[in-house]
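One-letter residues, chain by chain:
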Amino acid sequence: MEKVLVLLLVALAVAYAVPDPRGTIINLEAGELCLNSAQCKSECCQRTSGTSLARCAARASENSECSAWSLYGVYYKCPCERGLTCEGDSTIVGSITNTNFGTCLDV
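What you see is a predicted model; the values in this text were computed from it and never measured. (Residues numbered from 1 in each chain as written. Predicted model: local features only at pLDDT ≥ 70, side-chain atom pairs only at ≥ 80, totals over all residues. Heavy atoms only, no water.)

Caption draft 1: The pairing of strand β5 (residues 101-105), seen in detail. In terms of strand pairing, strand β3 (residues 65-67) meets β5 through 3 bridges, oriented antiparallel. Bridged to S67 within β5 is F101. Bridge analysis of strand β4 (residues 85-87) against β5 gives 3 bridges, and the strand direction is antiparallel. From the neighbouring strand, T85 faces β5, where its bridge partner is L105. (Pairing = 2+ DSSP bridges. Helix = DSSP H or I, 4+ residues; strand = E, 2+ residues; numbered from the N terminus.)

Structural data, given as structure tokens:
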């Protein structure tokens, strides 16, 4: 009986030692709360307004509104998918306020 109990405890310890593919701080799925884009699988932490909570979101597709890379790591519009470029006007004020938006184009 003791051997069965020890074997069961070892099996449980091994099961809990295997990492969960879904992250709690990094490797977050779309829709989960985030503080920075580095936490998200899509590498886009997006908020809808200055007072809203940021959530992981999919990157912008072709002909969608986008933002260029941001130092803050939180976007109002997500950056483009790989292979696409965010084309639009950039200003110093827009860089500071994170409002330099463009359109994703295949250049």
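Caption draft 2: View of the sheet that holds β3. If you walk across this open sheet you meet the 3 strands as β3-β5-β4, and the pairing is antiparallel. Every other strand in the sheet has two partners, leaving β3 and β4 as the edge strands with one partner each. Averaged over neighbouring strand pairs, the angle between their axes works out to 55° when direction is ignored. (Axes fitted to C-alpha atoms, helices over the stretch in contact; angles between N-to-C directions.)

Caption draft 3: Region of the structure containing the state of the cysteines. Considering all chains together, one arrives at 5 disulfides under this definition. In this model C40 forms its disulfide with C56; the gap between the sulfur atoms is 2.1 Å. Across the S-S bond of C40 and C56 the torsion is about -80°, and the bridge reads as left-handed. In this pair, C40 is assigned in the loop between α1 (2-17) and β1 (45-46) and C56 in strand β2 (residues 55-56), connecting sequence segments 16 residues apart. Of the two residues, C40 and C56, both sit in the buried class. Residue pairing for C44: its cysteine sulfur links by disulfide to C78, the two sulfurs lying 1.8 Å apart. On the sign convention where negative is left-handed, the bridge of C44 and C78, at about -85° about the S-S bond, is left-handed. Taken as a pair, C44 in the loop between α1 and β1 and C78 in the loop between β3 and β4 lie far apart in primary sequence, 34 residues in all. Each bonded cysteine of the protein chain gets a number by its place in the sequence, and the pairs then read 1-4, 2-5, 3-7, 6-9, 8-10. (Disulfide = S-S within 2.5 Å. Buried < 20%, exposed > 50% of the residue type's maximum accessible area, 1.4 Å probe, protein only.)

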